[in-house]
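Listed below are the residues making up each chain.
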Amino acid sequence: QVLLVESGGGLVQAGGSLRLSCTASRSIFRFNGMGWYRQASGKQRELVATITKGGNTNYADSIKGRFTLSRDITKNTLYLQTNSLKPEDTAVYYCNAWDDLGNYWGQGTQVTVSS
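The rules behind the values
- Residues numbered from 1 in each chain as written.
- Predicted model: local features only at pLDDT ≥ 70, side-chain atom pairs only at ≥ 80, totals over all residues.
- Heavy atoms only, no water.
- Helix = DSSP H or I, 4+ residues; strand = E, 2+ residues; numbered from the N terminus.
- Buried < 20%, exposed > 50% of the residue type's maximum accessible area, 1.4 Å probe, protein only.
- Polar contact = N/O pair within 3.5 Å; in protein donor to acceptor, adjacent residues only side chain to side chain.
- Contact = heavy atoms within 4.5 Å.
- Phe/Tyr/Trp six-rings, centres within 6.5 Å; stacked < 30°, edge-to-face > 60°.
- Lys NZ or Arg CZ within 6 Å of the ring centre and 35° of its normal.

**Q** If you had to explain the side chain of D99 to someone new, which residues and values would you point to?
**A** Mapping D99 onto the fold places it in the loop between β9 (91–98) and β10 (103–105). Among the residues examined, D99 registers a relative accessible area of 13% and is labelled buried. Separated by 2.4 Å, the side chains of D99 and R26 make a polar contact. Among the polar contacts listed, one links the side chain of D99 to the side chain of Y104, at a separation of 2.9 Å. Apart from the residues within four sequence positions on either side, D99 is in contact with R26, R30, F31, N32 and Y104.

**Q** Mind laying out the packing of aromatic side chains, listing which residues take part and the relevant values?
**A** Given two aromatic rings, their pairing is described by the distance between the two centres and the angle made by the two planes. Under the counting rule described, the total for this entry stands at two aromatic pairs. A ring pair is formed by F31 and Y104, whose centres lie 6.2 Å apart and whose planes are at 50°; its orientation type is tilted. In this pair, F31 sits in the loop between β3 (18–24) and β4 (33–39) while Y104 sits in strand β10, placing the two residues 73 residues apart along the sequence. Accessibility classification places F31 together with Y104 in one group, the buried group. Judged by centre distance (5.2 Å) and plane angle (65°), the rings of Y37 and W105 are edge-to-face. Highlighted residues: Y37 in strand β4 and W105 in strand β10, separated in sequence by 68 residues. For Y37, a relative accessible area of 19% translates into the label buried. Residue class for W105 comes out partly exposed when judged on its relative accessible area of 35%. Its guanidinium or amino end placed over the ring of W105, R45 lies 4.7 Å from that ring's centre, counting from NZ or CZ.

Put into structure tokens, the structure is as follows:
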């Protein structure tokens, strides 16, 4: 049983920042990779950023230069630092992880950016 719990979402003005957290129920190095996806109301879920166990990252073009992934191994936590937020970043942000047996999702955390 793999559990992922997101936190850190909220309401922020355009140009502001939030740090989203994803805490796993086991060592994050047991996953092959982790990442963040988001889904805006009425839209498809889209990739935001991923990181492999070895540290290779992939960022969506829409957020490059504004969002950054980082990891705290001792806390079993993956972070997404979101800067220069825009109203179009408003969405539910979901943590994702995968290993040899499956693909896992958190419950999501709401990010709302006001103009």
